[in-house]
Amino acid sequence: MSRVTGTTLELEVPPDKESLSVLRRWLCAWLRANGIGEVDRKDVVLAVWEAGANAIEHGRHPPLSYHVEATIDEAKVVLTVVNAGSWRRDSRKSSGGLGLHMIRALMSDVRVKAEAESTVVTMSRRLDHPPAARPTTGPDVVSGSLPTEGQV
Amino acid sequence: MNPSMPGYSPGAVADEQLSGHMLDLTVRELDGACVLSVGGQADLHTAPDLRARLDELIDADERRIVVDLTETSFIDSMSLGVLLSARKRLAAAEGVLAVCCPDDHLRRVFEITSLQDVLRVERTLDAAIDCARRPNRL
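Residues numbered from 1 in each chain as written. Chains lettered and ligands numbered in written order. Predicted model: local features only at pLDDT ≥ 70, side-chain atom pairs only at ≥ 80, totals over all residues. Heavy atoms only, no water.

(A) The arrangement of the overall build of chain A in detail. Looking only at helices and strands, one finds four helices and six strands in chain A. For chain A, the N- to C-terminal ordering of α and β elements is β-β-α-α-β-β-α-β-β-α. Within chain A, the fraction of its 152 residues that count as buried is 53%. Across chain A, every contact between residues at least 6 apart in sequence was considered, and the portion connecting residues at least 24 apart equals 70%. Of the roughly 6,700 Å² of accessible surface on chain A, a fraction of 52% belongs to carbon and sulfur atoms. (Helix = DSSP H or I, 4+ residues; strand = E, 2+ residues; numbered from the N terminus. Buried < 20%, exposed > 50% of the residue type's maximum accessible area, 1.4 Å probe, protein only. Contact = heavy atoms within 4.5 Å. Areas by Shrake-Rupley, 256 points an atom, 1.4 Å probe, with all protein chains shown as cover.)

Pasting the structure below:
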């Protein structure tokens, strides 16, 4: 079930690279629609990209779709990425470990809850500047056409 | 992605495949260095292309390589891994890799991963070329 409102995003994302790119554009459009500035937006998009990449590369094999939730309030953006299976140990090596390191550096607070059946990554980003006034078209902005590349 | 997701359609994916997963890779010799310019998004889609091109250059005995990210809009951990691999191969052959990166957000990615020194990240192409021509510090 997917749900998109002005300040809430809930997406079920298939575990493939194409869908990760679509998720990136969606998230970027949603953050933009909520008045999140460029620096915060780029950091959050990269952090979610890395979490999604880890879910694809290091989760259960064959990979299952993963769940992304995001909320925005005046002070912060909070995102949760849930995927089935634990990120495998080898994700500590090479780009998997680097990705998690990047997530921790890009976000204000990161919690990784690894269980036998699932990995839950919860990350929040404090906003240095409160979001600009949201367009009155709120949700409709997100449900329109996908943003083009280069707007990230 | 979930078909109920508004705005998501096979057409959207087709557009992405046509326009989104190509790196514009061009090579030129400049002041004694081999400059590889990278245009587009350096991510897990395009990392194999970047790796293949860098391997080709190293196989062709290029030993002073500058990766120019001036026209790069996004870089992820997999692409950083590709740059690290190339740097390792070059270092083993007494070569040098340097990176030109003027964009503040991309520079921040190198900084938070503590790779700005090991990958010799410079803000201008001239500085990166100077860096690549200097003897390896290791």
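Alright, that's what it looks like, and here's the rest.
(B) Molecular detail of the environment of B:Glu71. Residues and elements named next belong to chain B. With respect to the secondary-structure elements, Glu71 resides in the loop between strand S3 (64–68) and strand S4 (72–75). A relative accessible area of 59% places Glu71 in the exposed class. Distance in space between the C-alpha atoms of Glu71 and Val38 is 6.3 Å, their sequence separation being 33 residues. Those residues within four positions of Glu71 in sequence are excluded, and the remaining contacts are Val38, Gly39 and Gly40.

(C) Spotlight on the confidence of the model for chain B. Residue and element names in this part refer to chain B. Overall, the prediction assigns chain B a mean pLDDT of 88, with 83% of residues at 70 or greater. Note that residues 1–19 has pLDDT below 50 and, in this model, 39 contacts with residues that lie over four places away or in other chains. For this predicted complex, the interface score ipTM comes out at 0.84, alongside a pTM of 0.83. (pLDDT = per-residue confidence, 0-100.)

(D) The nonpolar core, seen in detail. Membership of the largest hydrophobic core comes to 71 residues, with the highest contact counts inside it found for A:Met123, B:Leu54 and B:Phe110. Excluding anything up to four places from it in sequence, B:Leu54 contacts B:Leu36, B:Ile65, B:Val67, B:Val82, B:Leu83, B:Ala86 and B:Leu97. Counting ten residues, the second-largest nonpolar core is a separate cluster that includes B:Ala98, B:Leu125, B:Ala128 and B:Cys131. (Core = buried A, V, L, I, M, F, W, Y, C linked by side-chain atoms within 4.5 Å.)

(E) Layout of the pattern of salt bridges. This model, assessed by the stated rule, comprises 13 salt bridges over all chains. The residue A:Arg111 makes a salt bridge to A:Asp109 at a minimum N-O spacing of 3.0 Å. Linking B:Asp61 and B:Arg63 is a salt bridge whose minimum nitrogen-to-oxygen distance equals 3.5 Å. When salt bridges that share partners are traced, they join A:Asp40, A:Asp43, A:Arg125 and B:Arg108 into one network. (Salt bridge = Lys/Arg side-chain N within 4 Å of Asp/Glu carboxyl O.)

(F) Spatial organisation of the packing of aromatic side chains. Applying the stated rule across the entire model yields one aromatic pair over all chains. Above the ring of A:Trp49, the side-chain terminus of A:Arg24 is found at 4.1 Å from the ring centroid. Cation over ring: A:Arg24 sits above B:Phe74, and NZ or CZ is 4.3 Å from the ring centre. (Phe/Tyr/Trp six-rings, centres within 6.5 Å; stacked < 30°, edge-to-face > 60°. Lys NZ or Arg CZ within 6 Å of the ring centre and 35° of its normal.)

(G) Quick peek at helix H5 (residues 125–133) of chain B. Residues and elements named next belong to chain B. For H5, the full list of buried residues reads Leu125, Ala128, Ile129, Cys131 and Ala132. What you see down the axis of H5 is that its buried residues fit within an arc of 160°, all on one side. Lining the buried residues of H5 we find strand S1 (24–30), strand S2 (33–42), S3, strand S5 (96–100) and strand S6 (121–122). (Arc of directions from axis to C-beta.)

(H) A look at the side chain of B:Thr46. Structurally, B:Thr46 can be placed in the loop between S2 and helix H2 (47–59). Within polar-contact distance, the side chain of B:Thr46 engages the backbone nitrogen of B:Asp43 at 3.0 Å. (Polar contact = N/O pair within 3.5 Å; in protein donor to acceptor, adjacent residues only side chain to side chain.)

(I) View of helix H3 (residues 77–92) of chain B. Residue and element names in this part refer to chain B. If you check H3, its first and last C-alpha atoms are 22 Å apart, about what 16 residues at 1.5 Å a residue would give, namely 22 Å. Those residues of H3 not exposed but buried are Ser77, Ser79, Leu80, Val82, Leu83, Ala86, Arg87 and Leu90. One or two positions beyond H3, positive phi appears at Glu94, with a value near 60°. (Expected span 1.5 Å × (residues − 1).)

(J) Up close: the packing of helix H2 (residues 38–58) of chain A against helix H4 (residues 104–112) of chain B. Two elements in contact, H2(A) and H4(B), have axes separated by 11 Å at closest approach and are oriented at 50°. The angle between H2(A) and H4(B) places the two elements in the oblique class. Between H2(A) and H4(B) the crossing geometry is right-handed. Facing H2(A), whose interface residues are A:Lys42, A:Asp43 and A:Leu46, H4(B) presents B:His105, B:Arg108 and B:Val109. Split by residue class, the contact of H2(A) with H4(B) holds two nonpolar, one polar and three charged. (Axes fitted to C-alpha atoms, helices over the stretch in contact; angles between N-to-C directions. Parallel < 35°, antiparallel > 145°, perpendicular 65-115°, else oblique. Left-handed = near helix turned anticlockwise from the far one by under 90°. Nonpolar A, V, L, I, M, F, W, Y, C, P; charged D, E, K, R; others polar.)

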